[in-house]
Amino acid sequence: ADGDPEAGEKVFRKCKACHAVGEGAENKVGPMLNGIVGRQAATVEGFGYSPVLISLSEEGLVWTPEELDAFLTKPRDYAKGIKMTFAGLRKEDDRANIIAYLATFEDN
Ligand code: HEM
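Our subject in this report is the structure included herewith. (Residues numbered from 1 in each chain as written. Predicted model: local features only at pLDDT ≥ 70, side-chain atom pairs only at ≥ 80, totals over all residues. Heavy atoms only, no water.)

In the region of the ligand, 27 residues are neighbours, and Cys15, Cys18, His19, Ser50 and Met84 sit closest. Contact distances for the ligand include 2.8 Å between a nitrogen atom and a side-chain N or O atom of His19. A molecule is said to occupy a pocket when more than half its atoms come within 2 Å of that pocket's grid points, and by this definition the ligand occupies the largest pocket. Here the residues of the shell around the ligand are counted per class, giving 21 nonpolar, four polar and two charged. (Near = heavy atom within 4 Å. Polar contact = N/O pair within 3.5 Å; in protein donor to acceptor, adjacent residues only side chain to side chain. 1 Å grid on protein atoms, 1.4 Å probe; cavity = no way out; pocket = protein on both sides within 12 Å on 5 of 7 lines; lining within 4 Å. Sits in = over half its atoms within 2 Å of the grid points. Nonpolar A, V, L, I, M, F, W, Y, C, P; charged D, E, K, R; others polar.)

Shown next as structure tokens:
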């Protein structure tokens, strides 16, 4: 998707209570999200994932922009039993922008 990373930074405010990005980002309530675009699901070191996310990872889930778009629409429908207490982003633009923003952070 060709989202706008600057607009995505604003949307990411909704995630910040639980997720960090950028230099020195650490796991919080949720895993840190540096390098998440293109990363295999449930593989951030030191984070305790739910069984459902681990199963999806074992089945080969990789967080491509397409998968992130589907996931972020309604996380709890995408992965039943997920620990992420977030309703989702209904607007397609918000999702495209946040994915573009997340893609600016390299793995650390
Ligand atoms: C997991 C993104 C909001 C808590 C994840 C994952 C992504 C993600 C991509 C999977 C990580 C991985 O596989 O390593 C986002 C985005 C958000 C958001 C973009 C905002 C739009 C939140 C909020 C919370 C939260 C508000 C807390 C209330 C979690 C938790 C997990 C998770 C606990 C791990 C889930 C599990 O193991 O079942 N998030 N998240 N997230 N997120 Fe979020």
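Attention shifts here to a positive patch on the surface. A surface patch of positive charge is lined by Lys10, Arg13, Lys16 and Lys28. Given the relative accessible area of 42%, Lys28 is considered partly exposed. (Patch = residues over 30% accessible without salt bridge, like charges linked within 9 Å, V, L, I, M, F, W, Y side chains within 5 Å. Areas by Shrake-Rupley, 256 points an atom, 1.4 Å probe, with all protein chains shown as cover. Salt bridge = Lys/Arg side-chain N within 4 Å of Asp/Glu carboxyl O. Lys, Arg positive; Asp, Glu negative; His and termini not counted. Charge placed at Lys NZ, Arg CZ, Asp CG, Glu CD. Buried < 20%, exposed > 50% of the residue type's maximum accessible area, 1.4 Å probe, protein only.)

Before going further, it helps to spend a moment on the packing of helix H3 (residues 65-73) against helix H5 (residues 92-102). Relative orientation of the contacting elements H3 and H5 amounts to 130°, with a least axis distance of 10 Å. The orientation of H3 relative to H5 falls into the category oblique. Note on packing geometry: the crossing formed by H3 with H5 is right-handed. The residues of H5 that touch H3, namely those facing Pro65, Leu68, Asp69, Leu72 and Thr73, are Arg95, Ile98 and Ile99. (Axes fitted to C-alpha atoms, helices over the stretch in contact; angles between N-to-C directions. Helix = DSSP H or I, 4+ residues; strand = E, 2+ residues; numbered from the N terminus. Parallel < 35°, antiparallel > 145°, perpendicular 65-115°, else oblique. Left-handed = near helix turned anticlockwise from the far one by under 90°. Contact = heavy atoms within 4.5 Å.)

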